[in-house]
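So the chains spell out like this:
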Amino acid sequence: MFIWRDVILLYERTEHAATEQIIEELQKLKALETTVFVVHISHFVVPRLFMNAKKLGMMSEGYAWVLTSTSLNFLNSMESSVIESMQGVLGLKSHIPISRSLHNLTSRLRRKFYIEESHMEVQELSADGIWAYDATSVLAEAVERSRIKVSTRLNQKDLKDTDSYKPGSVLLEEILQSRVKGVSGEVQYSKQKLIAGKLEMVNMIGKGERRVGILTFKEEKTEDSPPLKNKRNLLSTSDLETVIWPGGSSTIPKGSKKKLIEIKLRVGVPPKSGFDELVQLKHDIQTNKTYFTGFCIDVFETAIGGLPYKVQYEFIPFQDADGNLAWNYDDLVYQVHLQKYGAVVGDTTITSNRSLHVDFTVPYTDLGLGVLVANEKENMWIFLRPFSADLWITSAGFFILTGFVVWIIERPTNKEFQGTPSQQIGTIFWFSFSTLVFAHREKLLNNSAKFIVVIWVFVVLILTSSYTATLASMMTVKEMQLKARGNYIGYQGSSVVTTHAVQNLNFSGAKPYNSAEEYANALSRGSKHGGVSAIVDEVPYIKVFLAKYSTGYSMIKFASTTNGFGFAFPKGSRLAKDMSVQIEKLREEGKLLEMENSWFPYDANHMFQDTTNPPNALTLSSFRGLFLVSGVSSAFALFLFSISPLREKWQLVKKCTHLVLEKLMSLRKLLSNRFSNQSVENNSA
């Protein structure tokens, strides 16, 4: 299947090997040229072996690991972290065909453990467990057959063959002759050993395994070989599915390390004055040697030290006789394309134009541009800013209006709203403004007044909630509200990226600076005194600035319009890919952040995301509907209160009218009776 010149067999002498011993042996193996390992160890040692192999970089591209079924048969009992460290491993696993009997056995065991051991869960049965179950079944059947056979011979009183009466011999004979269909398939014992059927070839990918092939067991008889010769045959690699090897490659590893670097790697380094935390050139007078320090250098040396092969490199300063940058960064990157340098290490920003000539690693710094501003002075009247002037006036007017309307309605019948004129005026103001904190204690008697207060409390709730949210936003989010007219902006003069960025900003002017000290001086003076109102630069430079000047300044991060810093290598260089993998590992393990904090420990509280819509003051137009509801409610309640006396008077008028009518009716009847009596008397006369 696979043709490798050299293979290293790993086996264990004891299950109790110390972790330090395993690491020591792995380091010895890493120093060898061979990169193919066949592992035959128990599943107890597998976690420590592969987790330490991953830490040492032995699970990367170019390595091949093959595990026997001794370990992989217990894969389901291993933790997810162990599975993750075994990515790309190829191994053998006993093949147990899926069948109804296997399903039934698994279901029975799950129910049993659920009842008796609820904390245990049966996910998948191991091959050894299934074989033990089949062996128990074979033994039970053999015992029954041997018992019948011994009893039959005793009844026949066949005393010639005394061995036939030995139960052990009869039982062994029955076991060896057994050939039954078990859960694992056909169960047969030959030469007192279980004859296995098939083996699966599995590939460790993702969270588990993936079957890539089957090894069949086949008997072959030849004239020159013993009568029975066992072989597990797989004709060729074409019978296999694609195998993903360590490092994510589908190419079969060569089996030995390839020397990538034949000569020293000439690494061009641009000297960076003003931001020594990123790159700094130092000259030792005693030894007359030049060496580099800084965050970029640390990241490069740590990443290249984690490669599975050794790379010799030499830092060469890219400067002129005066110690300044010889050319610009584009020229330095182009020197790699011309093969004058093997790499560029420093604060080199990844751009599309530069990527046409070289291959960059993944960025090892933050992406994007930031705007550095001086913090605003604290405003003692900031509590007035959430509302506009017209909203403050309107709110105060409605507070007084609501208290006045409630006083009018309650005064005739409620003693708490009565008293001297000064007491009544105080009650109006106290009641109206106490609703702001829902602390009014006066008891209302009129339903119209209660209706007004319910509506007004709802209005107050909306106003206070909006005020609190706006004030909190204004106090926690630093906003750069710069007017283009009359303000200057600064940028880093040696950076092509920021030079292009400020050209699109419509300010009064742009001024170049080249160090953190110059940034601080320009911001402290401001645009009115020969400085600038803000500095536009890439995020790593601003972090260096904030580490030096931890108070008085803040950064607002814009959208990620730049690609961060990366190491440049020639087109097609494998180092670009391998170094990218190492940078990703450093970021995942948190080491990249540790190095950053070691060189420029900035305060994250001085960094804010850009918000295109700053929290403006709330205006009256936003609450016109709310005040309209409150005003209409007060007017309606006052109208009902006004017509209430008229209704009472109308009832009195109706009552009086009714009495008058009754009197008139009585008078009419009386007059009518008199006229009738006079008529009768006249007729009689």
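For the structure itself, consult the block above.
Residues numbered from 1 in each chain as written. Predicted model: local features only at pLDDT ≥ 70, side-chain atom pairs only at ≥ 80, totals over all residues. Heavy atoms only, no water.

Draft legend 1. Here's a closer look at the overall build of the protein. When its secondary structure is counted, the protein shows 19 helices and 23 strands. Counting only residues that meet the buried cut, the protein has 38% of its 685 residues in that class. (Helix = DSSP H or I, 4+ residues; strand = E, 2+ residues; numbered from the N terminus. Buried < 20%, exposed > 50% of the residue type's maximum accessible area, 1.4 Å probe, protein only.)

Draft legend 2. Representation of the pairing of strand E20 (residues 534-538). Of all five residues in E20, five are buried, a share of seventy percent or more. In this sheet, E20 lies alongside strand E17 (residues 369-374) in antiparallel orientation, the contact comprising four bridges. Bridge pairing in E20 places Leu372 opposite Ile535. (Pairing = 2+ DSSP bridges.)

Draft legend 3. Here's a closer look at the environment of Ser598. Along the polypeptide, Ser598 turns up in helix H18 (residues 591-599). Sequence separation of Ser598 and Phe295 is 303 residues, and the distance between their C-alpha atoms is 8.5 Å.

Draft legend 4. Here's a closer look at the packing of aromatic side chains. Counting across every chain of the model gives 26 aromatic pairs. Their ring planes at 80° and their centres at 5.4 Å tell us that Phe300 and Phe567 sit as a pair that is edge-to-face. Taken together, the positions of Phe300 in helix H8 (residues 295-305) and Phe567 in the loop between strand E21 (553-557) and strand E22 (568-570) put the pair 267 residues apart, joining distant regions of the chain. When sorted by exposure, Phe300 lands in the same class as Phe567, which is buried. Look at Tyr364 and Phe567: their rings are 4.6 Å apart centre to centre, the planes differ by 20°, and that puts the pair in the stacked class. Here Tyr364, found in the loop between strand E16 (358-360) and E17, pairs with Phe567, found in the loop between E21 and E22; they are 203 residues apart in sequence, far enough to count as distant. (Phe/Tyr/Trp six-rings, centres within 6.5 Å; stacked < 30°, edge-to-face > 60°.)

Draft legend 5. Just helix H1 (residues 19-30), in detail. The end-to-end C-alpha separation of H1 is 16 Å, in line with the 16 Å expected for twelve residues at 1.5 Å each. At its buried positions, H1 is contacted by strand E1 (8-11), strand E2 (36-40), helix H2 (46-55) and strand E3 (64-67). (Expected span 1.5 Å × (residues − 1). Contact = heavy atoms within 4.5 Å.)

Draft legend 6. Layout of the nonpolar core. Leu278, Phe300, Tyr364, Leu372, Phe545, Phe567 and Phe569 are the most contacted members of the largest nonpolar core, which totals 50 residues. The set of elements that each furnish at least two residues to this core consists of strand E11 (265-269), H8, helix H15 (516-525), helix H16 (539-548), E21, helix H17 (574-588) and H18. The greatest single-element share of this core, amounting to seven residues, is contributed by H8. Beyond its immediate stretch of four places on either side in the chain, Phe300 contacts Val267, Tyr313, Phe315, Val345, Phe567, Phe569 and Met579. Counting 29 residues, the second largest nonpolar core, distinct from the first, contains Leu56, Met59, Trp65 and Val202. (Core = buried A, V, L, I, M, F, W, Y, C linked by side-chain atoms within 4.5 Å.)

Draft legend 7. Quick peek at the packing of H8 against H17. For the pair H8 and H17, the least separation of the axes is 9 Å and the interaxial angle reads 110°. By the angle between their axes, H8 is roughly perpendicular relative to H17. Here Val299, Phe300, Thr302, Ala303 and Ile304 of H8 lie close against H17, whose contacting residues are Met579, Gln582, Ile583 and Leu586. Considering only residue class, the contact of H8 with H17 consists of seven nonpolar, two polar and no charged. (Axes fitted to C-alpha atoms, helices over the stretch in contact; angles between N-to-C directions. Parallel < 35°, antiparallel > 145°, perpendicular 65-115°, else oblique. Nonpolar A, V, L, I, M, F, W, Y, C, P; charged D, E, K, R; others polar.)

Draft legend 8. Main features of H15. Considered for burial, the residues of H15 that qualify are Ala516, Tyr519, Ala520, Ala522 and Leu523. Once H15 finishes, Gly526 follows within two positions and takes phi at roughly 80°, a positive value.

Draft legend 9. Inspection of unusual backbone geometry at higher detail. Non-glycine residue Gln339 carries a positive phi angle of around 65°. Along the chain, the position of Gln339 falls in the loop between helix H9 (329-337) and strand E15 (343-344).

Draft legend 10. Inspection of the environment of Leu461 at higher detail. Mapped onto the elements, Leu461 comes out in helix H13 (residues 447-476). When the C-alpha atoms of Leu461 and Thr435 are compared, they prove to be 9.5 Å apart, with 26 residues separating the residues in sequence.

Draft legend 11. Just a nonpolar patch on the surface, in detail. A contiguous nonpolar patch, built from Val660, Leu661, Leu664, Leu667, Leu670, Leu671 and Phe675 and spanning about 660 Å² of accessible area, is present on the exposed surface. Tracing the chain through its elements places Leu664 in helix H19 (residues 624-684). By relative accessible area, Leu664 is classed as partly exposed at 48%. (Patch = residues over 30% accessible without salt bridge, like charges linked within 9 Å, V, L, I, M, F, W, Y side chains within 5 Å. Areas by Shrake-Rupley, 256 points an atom, 1.4 Å probe, with all protein chains shown as cover. Salt bridge = Lys/Arg side-chain N within 4 Å of Asp/Glu carboxyl O.)

Draft legend 12. Region of the structure containing the side chain of Asp537. Along the polypeptide, Asp537 turns up in strand E20. A polar contact is formed between the side chain of Asp537 and the side chain of Gln492, at a distance of 2.9 Å. Excluding its chain neighbours within four sequence positions, the residues that come into contact with Asp537 are Leu369, Gly370, Gln492, Thr498, Tyr519 and Ile542. (Polar contact = N/O pair within 3.5 Å; in protein donor to acceptor, adjacent residues only side chain to side chain.)

Draft legend 13. Representation of the environment of Pro271. Among the secondary structure elements, Pro271 is positioned in the loop between E11 and strand E12 (280-284). On the basis of relative accessibility, which here comes to 15%, the residue Pro271 falls in the buried class. As a C-alpha pair, Pro271 and Gln319 span 48 residues in sequence and 6.9 Å in three-dimensional space.

Draft legend 14. Focus on the pairing of E11. Most of E11 is tucked away: four of the five residues are buried. Relative to strand E14 (residues 313-317), E11 runs parallel, the two sharing five bridges. When the bridges of E14 are listed, Val269 appears paired with Pro317. Sheet analysis places E11 next to E15, joined by two bridges and oriented parallel. Pairing of Val267 across the sheet is with Ala343, part of E15.

Draft legend 15. Local environment of the pattern of salt bridges. As enumerated under the stated definition, the model contains 15 salt bridges in all. As a salt-bridge pair, Lys548 and Glu277 come within 3.9 Å of each other at their nearest N and O atoms. Of this pair, Lys548 sits in helix H16 while Glu277 sits in the loop between E11 and E12; the two residues are 271 residues apart in sequence, bridging distant segments of the chain. Residue classification places Lys548 among the partly exposed residues on the basis of a relative accessible area of 35%. When the shortest N-O distance is used, the salt bridge between Glu517 and Lys548 registers 3.2 Å. Placement of Glu517 in helix H15 and of Lys548 in helix H16 is noted, with a sequence separation of 31 residues between them. For Glu517, a relative accessible area of 39% puts it in the partly exposed group.

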